[in-house]
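Residue strings, one per chain:
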Amino acid sequence: MSEVKLTAATRTEFGKGAARRVRRDNKVPAVLYGHGSEPLHLTLPGHELLLALRTPNVLISLDIDGKTNELAIPKAVQRDPIKGFLEHVDLQLVKRGEKVTVEIFVHTEGELAPGGNLLEHVLNALPVETEATHIPESVTVSVEGLEAGASILAKDVPLPAGTTLAVEEDTVVLQVLAAQAEEAAEGEETAGTEEVAEA
């Protein structure tokens, strides 16, 4: 997984006004917490942070005030609902070799069985426990040939070495639904049968 270096500065002003001033300088207010330490209020460079967050569960190496270096992963990102710019980021302090619980994206490959069936992502992201410095960006599952009614459980998802599930093994991740048109046709046939039976 990728590690991104960012320069951070500690923040001493708080509140909406202070946050607006930080954002006017193209920076983003952030909070770093974890390991029982007091939350540390920071400002981070806006553009570099935006680029870093394009990678899911990115590992961020923080140079804080040029004095200390810390590793962190993003835990919560607040964006402006209209303009989309970053408003605030919560970062979790991590150490090399430490296990963390994160969510990783589930990608699919292959074609479903013929018949116009639909694939439903019950979980778009799978909760897993993995080493903080080796978080997989995603996992890939084959849906080749699956028919309506089939489902893929958490235990069926291939995980990289050192990564374990953080949900029950029988949690449904993906399921195949019958095409709606076919269901409607089946309903009409059933209704026709009932009419004949009544006659």
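You'll find the structure just up there.
Structure report, in brief.

Structural notes on the pattern of salt bridges
Under the criterion given, the structure shown has two salt bridges. The salt bridge partner of Lys5 is Glu3, with a shortest N-O separation of 3.9 Å. Judged by its relative accessible area of 66%, Lys5 falls in the exposed class. Between Glu3 and Arg96 there is a salt bridge, with the nearest N and O atoms lying 3.4 Å from each other. Of this pair, Glu3 sits in strand β1 (residues 3-10) while Arg96 sits in the loop between β6 (86-94) and β7 (99-109); the two residues are 93 residues apart in sequence, bridging distant segments of the chain.

Comments concerning the layout of surface pockets
Estimated volume of the largest pocket: approximately 300 Å³. Residue lining of the largest pocket: 14 residues in total, with Pro56, Asn57, Pro74, Glu103 and Phe105 positioned closest to the centre. Mapped onto the lining of the largest pocket, the elements with two or more residues apiece are β5 (68-79) and β7. Classifying every residue of the lining of the largest pocket gives nine nonpolar, two polar and three charged.

Quick notes on the rules
- Residues numbered from 1 in each chain as written.
- Predicted model: local features only at pLDDT ≥ 70, side-chain atom pairs only at ≥ 80, totals over all residues.
- Heavy atoms only, no water.
- Salt bridge = Lys/Arg side-chain N within 4 Å of Asp/Glu carboxyl O.
- Buried < 20%, exposed > 50% of the residue type's maximum accessible area, 1.4 Å probe, protein only.
- Helix = DSSP H or I, 4+ residues; strand = E, 2+ residues; numbered from the N terminus.
- 1 Å grid on protein atoms, 1.4 Å probe; cavity = no way out; pocket = protein on both sides within 12 Å on 5 of 7 lines; lining within 4 Å.
- Points joined across faces, edges and corners; volume = space filled by probe spheres on them.
- Nonpolar A, V, L, I, M, F, W, Y, C, P; charged D, E, K, R; others polar.

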